[in-house]
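What the coordinates show
The residues making up each chain are set out below.
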Amino acid sequence: MPELPEVETVARQLAPQARRLELIDPMLRHGAAPRVAGRPIEDVARAGKRVVLRLGPRDRSGRPLWIAVHLRMTGRLLWIADGEPWTRERLRARLAVDGGALLFHDTRRLGTLTWSDAPGTAEPAGLDPMSTRFTADAVRTLVAGSRQNVKAWLLRQDRLTGIGNIYASEILHAARISPRRKAGSLRTAEIVRLADATRRILGRAIQLSGTTFSDFQDTTGSIGSYQRFLAVYEREGRPCRRCGGPVLRLVQQQRSTYWCRGCQR
Ligand SMILES: [Zn+2]
């Protein structure tokens, strides 16, 4: 199965007609999938891990449709020709076209898929922590008034994008903020620490995931080479790497949060 560069080549050479966009992961279903039948794939543009497909109009009076896929850490776009085997495992969306299909696989489900009939607006709703728009001031605006605990807030993809359960614990530990705090209660100095920790930790995770779009998290659920950097995640009962106190586990929204009472306030 060829990966992204080959997908771009295929799209350019064949300009296949789309048949159907199937949103398999419920997390992607923020509205009914757009009808794509009869639209030719006219262009595939890529900026880092963001891929934008331009589908031409069905007829001369119609408008194009843009589909933006942000691959984040573990997303992959694969092209399969008709008749080639493919798997639904970790498959989040499938765009069937004449002659084959584009598959969006994503182990950790942090990637996004959005669509729009206006160029440039097929963006994910939340702020990307790796973008230049991500600043402590921007975070302060986003948390203002939130009564949600800060751990749950970090996982919302409509505020900041790309933070999963592992990194939410790690970010809060690095920022010395208790996961129980209300997001809206954070003071300026804490928001600055939160923004710094978010960028530092996600940056390192992305770096370690390499540039190959290969699965960062393997099938056993371990997270490869980042594991040796984890300060609290899945370290319940072991000493905090900063203060030596025990790492605690807490369940928030049915998901584990790991933290240290000694250094997170
Ligand atoms: Zn500690």
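That block above? That's the structure.
Please read all numbers here as calculations on a predicted model, not as lab measurements. (Residues numbered from 1 in each chain as written. Predicted model: local features only at pLDDT ≥ 70, side-chain atom pairs only at ≥ 80, totals over all residues. Heavy atoms only, no water.)

**Some points on the overall build of the chain**
Counting its regular elements, the chain contains five helices and ten strands. Taking all 265 residues of the chain together, 51% fall into the buried category. Considering only intrachain contacts with a sequence separation of at least 6, the fraction spanning at least 24 residues in the chain is 59%. With an accessible surface of roughly 12,800 Å², the chain has 49% of that area assigned to carbon and sulfur atoms. (Helix = DSSP H or I, 4+ residues; strand = E, 2+ residues; numbered from the N terminus. Buried < 20%, exposed > 50% of the residue type's maximum accessible area, 1.4 Å probe, protein only. Contact = heavy atoms within 4.5 Å. Areas by Shrake-Rupley, 256 points an atom, 1.4 Å probe, with all protein chains shown as cover.)

**Considering the environment of P16**
Along the chain, the position of P16 falls in the loop between helix 1 (4–14) and strand 1 (18–23). For P16, a relative accessible area of 5% gives the class buried. In this structure the C-alpha to C-alpha distance between P16 and G38, which are 22 residues apart in sequence, comes to 9.5 Å.

**Remarks on the layout of surface pockets**
Quantified by volume, the largest pocket comes out at close to 320 Å³. R108, L110, G164, N165 and R255 are, among the 14 residues lining the largest pocket, the residues nearest its centre. For the lining of the largest pocket, the per-class residue count stands at six nonpolar, five polar and three charged. (1 Å grid on protein atoms, 1.4 Å probe; cavity = no way out; pocket = protein on both sides within 12 Å on 5 of 7 lines; lining within 4 Å. Points joined across faces, edges and corners; volume = space filled by probe spheres on them. Nonpolar A, V, L, I, M, F, W, Y, C, P; charged D, E, K, R; others polar.)

**Describing the coordination of the zinc ion**
In a perfect tetrahedron of four donors around a metal, the angles come out at 109.5 degrees. In a perfect octahedron of six, they are 90 or 180 degrees. Taken together, the protein ligands of the zinc ion are C240 (SG), C243 (SG), C260 (SG) and C263 (SG), with distances of 2.3 to 2.4 Å. Positions of the donor residues of the zinc ion along the chain correspond to the pattern C-x2-C-x16-C-x2-C. Of this pair, C240 sits in the loop between helix 5 (188–208) and strand 9 (248–252) while C263 sits in the segment after strand 10 (255–259), and the two are 23 residues apart along the sequence. The residues C240 and C263 share a single accessibility class, namely buried. (Donors = N, O, S within 2.8 Å, 3.2 Å for Na, K, Ca; no water.)

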